[in-house]
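Chain by chain, the residues run as shown.
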Amino acid sequence: NCKLTERERELIQIVYDRKLVRRDHLEVISPSYRNLTNRTVLLNRAIKKMYKSIIFDKAHEKQEIGKGSNPAIIAPDRATSVLLGVSHKRRIIHKTTKHNGQEYISRSLPSNYRHIQGVNRLEVETILYCQNRGYDILEWKLEQIKAFFYNEDKIVLIPDILLALRIDGRVFVAFIEYDTGSEGIREIE
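Predicted model only: the values in this text are computed from it and were never measured.

Tracing the chain through its elements places Gly101 in the loop between strand 4 (93–99) and strand 5 (102–108). A residue is classified by how much of its surface remains accessible, and Gly101, at 66% relative accessible area, is exposed. Put simply, Gly101 and Met50 are 51 residues apart on the chain and 30 Å apart in space, counted from C-alpha to C-alpha.

Quick look at the sheet that holds strand 3 (residues 73–76) now. Taken in spatial order, the three strands make up an open sheet running 1-3-2, and their pairing is antiparallel. At either margin of the open sheet sits one strand with a lone partner, and together these are strand 1 (21–22) and strand 2 (56–59). In terms of strand pairing, strand 1 meets strand 3 through two bridges, oriented antiparallel. Opposite Val21, over in strand 3, you have Ile74 as the bridge partner. On the sheet, helix 1 (residues 6–18) packs against strand 1, strand 2 and strand 3 and is oriented at approximately 90° with respect to strand 3.

Moving on: the pairing of strand 3. Because side chains alternate across strand 3, one face comprises the buried residues Ile73 and Ala75, and the other comprises Ile74 and Pro76, equally buried. Note: strand 2 against strand 3, four bridges, orientation antiparallel. Along strand 3, the bridge assignment pairs Ala59 with Ile73.

All right, on to helix 4 (residues 39–52) then. Count 3.6 residues to each turn of an α-helix, and residues three or four apart come out pointing the same way. If you check helix 4, its first and last C-alpha atoms are 20 Å apart, about what 14 residues at 1.5 Å a residue would give, namely 20 Å. Among the residues making up helix 4, those that are buried are Leu43, Ala46, Ile47, Lys49 and Met50. Mapping the buried residues of helix 4 onto a view down its axis gives an arc of 160°, with all of them on the same face. For helix 4, exposure combined with an orientation more than 90 degrees from the buried face picks out Arg45 and Lys52. Considering only its buried residues, helix 4 is in contact with helix 1, helix 2 (23–29), helix 3 (31–34), strand 2 and strand 3. At the exit of helix 4 stands Ile54, carrying a positive phi of roughly 60°.

With that settled, the discussion passes to the pairing of strand 4. Pairing between strand 4 and strand 5: seven bridges, direction antiparallel. Across the sheet, residue Thr96 finds its bridge partner in strand 5, namely Ile105.

Moving on, we come to the layout of surface pockets. The calculated volume of the second largest pocket comes to roughly 230 Å³. Around the second largest pocket sit 13 residues that line it, and Asp17, Arg18, Lys19, Leu142 and Glu143 are the ones nearest its centre. Contributing elements (two or more residues each) for the lining of the second largest pocket: helix 1, helix 6 (113–133) and strand 6 (136–142). Among the residues forming the lining of the second largest pocket, the class breakdown is four nonpolar, three polar and six charged.

Conventions adopted
- Residues numbered from 1 in each chain as written.
- Predicted model: local features only at pLDDT ≥ 70, side-chain atom pairs only at ≥ 80, totals over all residues.
- Heavy atoms only, no water.
- Helix = DSSP H or I, 4+ residues; strand = E, 2+ residues; numbered from the N terminus.
- Buried < 20%, exposed > 50% of the residue type's maximum accessible area, 1.4 Å probe, protein only.
- Pairing = 2+ DSSP bridges.
- Contact = heavy atoms within 4.5 Å.
- Axes fitted to C-alpha atoms, helices over the stretch in contact; angles between N-to-C directions.
- Expected span 1.5 Å × (residues − 1).
- Arc of directions from axis to C-beta.
- 1 Å grid on protein atoms, 1.4 Å probe; cavity = no way out; pocket = protein on both sides within 12 Å on 5 of 7 lines; lining within 4 Å.
- Points joined across faces, edges and corners; volume = space filled by probe spheres on them.
- Nonpolar A, V, L, I, M, F, W, Y, C, P; charged D, E, K, R; others polar.

The analysis is restricted to geometry; functional conclusions fall outside its scope.
Pasting the structure below:
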């Protein structure tokens, strides 16, 4: 069962575009899985298959003892880069240690994963909000360069999200910048 299905190919592109995605977010972000009744089982099966095939890598957020478990965070692995024809960038950090002659690999998330997950959570909430109200998401682009001219000045923006919604027949376009509060305030010259 090595051949990839269309759903799995869609997942690969979604994970690649978003860099790091929580498994529960994938259930909503992926159009192929979103409306399935058994989506959790099917998605878990697909993730496991692609993890074993080195298409996906996964890790879990650190969790306090007694607080339950967090969903896996999925990232593209080496085979994703080969399948999509792009260069590989490791998103999940691997650290190898030895204990009693046995090698162990621990995985940890990069420092910007909270920002990435915040952007993904906004997408999930927007999808669910639009679904409940009958609105359409016309466009959802992540970190796309947009250039505008104001008088003679060229203004370049790289927003976290560029979105276009159709609400009651009218189109609403917005740029969203997700702030985690981890950056200091810069001086404006």
